[in-house]
Amino acid sequence: MTDEHFAELVRSNLMPREDQPGGRQRWTQLWALLLADGDLAERTFDALEDFLDATEAALEVGLDEAEERRARKFQQVCGQAWKRLQRVDDDRPLAWAGKAADGFNPVGRKVVAKLVSAIAQHRSAAIRSGRTIAEDDRYLWGVLEAVQLDPRQYHFRDRTSREDS
């Protein structure tokens, strides 16, 4: 994919498409894929940096009020995408889950982290065993995804913050 087409893919997926069935799930999978592959993550960081540089240049030239509001919103959305690609340097339980775990108090985070870990380990052992997977197992594993705490959907990568994002 050319850099131009890749940048368009990133730009058109800065926010999830809630208006389409499965839009958020596909969006989450795309960002997990971009993060999981080092080359794609670097291309994504480069595209975001280009977006932010171009937006800053447009703001410096001067825009009307409505255009400036859109530009500032675009900067904010690009900054959020940048953060999605970063590994959170946080040693709290479930830190890897970001906003999905923000509502838990410290004790709740520990309990939920243990449950998530146990379910993920159960899934891994069941799949490795080669046995036929029961519907109850699939349901249990699906709960992790439903509550946005499936470790398979999160990948970690270190990248320093962009100071102006």
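Refer to the structure printed above.
Our subject in this report is the structure included herewith.

Here is what the cut-offs are and how they apply
- Residues numbered from 1 in each chain as written.
- Predicted model: local features only at pLDDT ≥ 70, side-chain atom pairs only at ≥ 80, totals over all residues.
- Heavy atoms only, no water.
- Axes fitted to C-alpha atoms, helices over the stretch in contact; angles between N-to-C directions.
- Helix = DSSP H or I, 4+ residues; strand = E, 2+ residues; numbered from the N terminus.
- Parallel < 35°, antiparallel > 145°, perpendicular 65-115°, else oblique.
- Left-handed = near helix turned anticlockwise from the far one by under 90°.
- Contact = heavy atoms within 4.5 Å.
- Patch = residues over 30% accessible without salt bridge, like charges linked within 9 Å, V, L, I, M, F, W, Y side chains within 5 Å.
- Areas by Shrake-Rupley, 256 points an atom, 1.4 Å probe, with all protein chains shown as cover.
- Salt bridge = Lys/Arg side-chain N within 4 Å of Asp/Glu carboxyl O.
- Buried < 20%, exposed > 50% of the residue type's maximum accessible area, 1.4 Å probe, protein only.

## Observations concerning the packing of helix 5 (residues 106-129) against helix 6 (residues 135-146)
- Close contact between helix 5 and helix 6 brings their axes to 10 Å; oriented N to C, the two are set at 135 degrees. Judged on the interaxial angle alone, helix 6 and helix 5 are oblique. Once helix 5 is placed against helix 6, the crossing between them reads as left-handed. Touching V116, I119, A120, H122, R123, A126 and I127 of helix 5 are D137, L140, W141 and L144, all from helix 6.

## Thoughts on a nonpolar patch on the surface
- There is a patch of nonpolar side chains on the surface, built from V107, V111 and L115 and spanning about 290 Å² of accessible area.
- Counting through the fold element by element, V107 comes out in helix 5.
- Note on V107: relative accessible area 60%, which makes it exposed.

## Let's talk about the side chain of D137
- With respect to the element layout, D137 can be found in helix 6.
- The class for D137 is buried, based on a relative accessible area of 11%.

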